[in-house]
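Below are the chains, spelled out letter by letter.
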Amino acid sequence: MPKLVAMANQIAAFFATQRHADPAAEVAAHLRAYWDPRMRAAIRAHLDAGGEGLSPLAREAVARLPEPARSA
């Protein structure tokens, strides 16, 4: 998980420097467009478990991803 956290933080740091009205939306859109569904599910599950290591912007963006499906 540390690698996904680092990647999410790097993406968030990049978009934080851009002129966007909603950088969290841009980060979330990037994650949806370029990350494998398993990666998105893993980072979302990490956030749901406390999100240790995620920057505030990365946390906000990951929170906008759909929650991982739960098995029955």
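Residues numbered from 1 in each chain as written. Predicted model: local features only at pLDDT ≥ 70, side-chain atom pairs only at ≥ 80, totals over all residues. Heavy atoms only, no water.

## Here's the deal with the pattern of salt bridges
- This model, assessed by the stated rule, comprises five salt bridges.
- Across the salt bridge formed by D22 and R64, the nearest N and O atoms sit 2.8 Å from each other. Here the residue D22 occupies a position in the loop between α1 (2–16) and α2 (23–34), and R64 occupies one in the segment after α4 (56–63), the gap between them amounting to 42 residues.
- By relative accessible area, which is 38% here, R64 ends up partly exposed.
- Where R64 meets E60, a salt bridge forms, and the shortest distance between an N and an O atom there is 2.9 Å.
- According to the relative accessible area criterion, E60 is partly exposed, its value standing at 39%.
- Through salt bridges that share partners, D22, E60 and R64 make up one connected network. (Salt bridge = Lys/Arg side-chain N within 4 Å of Asp/Glu carboxyl O. Helix = DSSP H or I, 4+ residues; strand = E, 2+ residues; numbered from the N terminus. Buried < 20%, exposed > 50% of the residue type's maximum accessible area, 1.4 Å probe, protein only.)

## Topic: the nonpolar core
- With 19 residues, the main nonpolar core has I11, V27, L31, W35, I43, L54 and V62 as its most contacted residues.
- The element that contributes the greatest number of residues to this core is α1, accounting for six residues.
- Not counting residues within four places of it along the chain, the set of residues in contact with I11 comprises V27, H30, L31 and W35. (Core = buried A, V, L, I, M, F, W, Y, C linked by side-chain atoms within 4.5 Å. Contact = heavy atoms within 4.5 Å.)

## Observations concerning the packing of aromatic side chains
- In the structure shown here, the tally under the stated rule is one aromatic pair.
- Arranged with centres 5.1 Å apart and planes meeting at 80°, the rings of F14 and F15 form a pair that is edge-to-face.
- The class of F15 is buried, set by a relative accessible area of 12%. (Phe/Tyr/Trp six-rings, centres within 6.5 Å; stacked < 30°, edge-to-face > 60°.)

## Some thoughts on the confidence of the model for the protein chain
- Here the protein chain averages 93 in pLDDT, and 94% of its residues register 70 or above.
- Highest mean pLDDT in the protein chain belongs to α4 (98); lowest belongs to helix α3 (residues 37–48) (96). (pLDDT = per-residue confidence, 0-100.)

## Focus on α3
- Compared with the 16 Å implied by 1.5 Å per residue over twelve residues, the 16 Å span of α3 between its first and last C-alpha is a close match.
- Turning to α3, its buried residues are I43, R44, H46 and L47. For α3, the buried positions fall inside an angular range of 155° around the axis, keeping them on one side. For α3, the exposed residues lying more than 90 degrees away from the buried face are P37 and R38. (Expected span 1.5 Å × (residues − 1). Arc of directions from axis to C-beta.)

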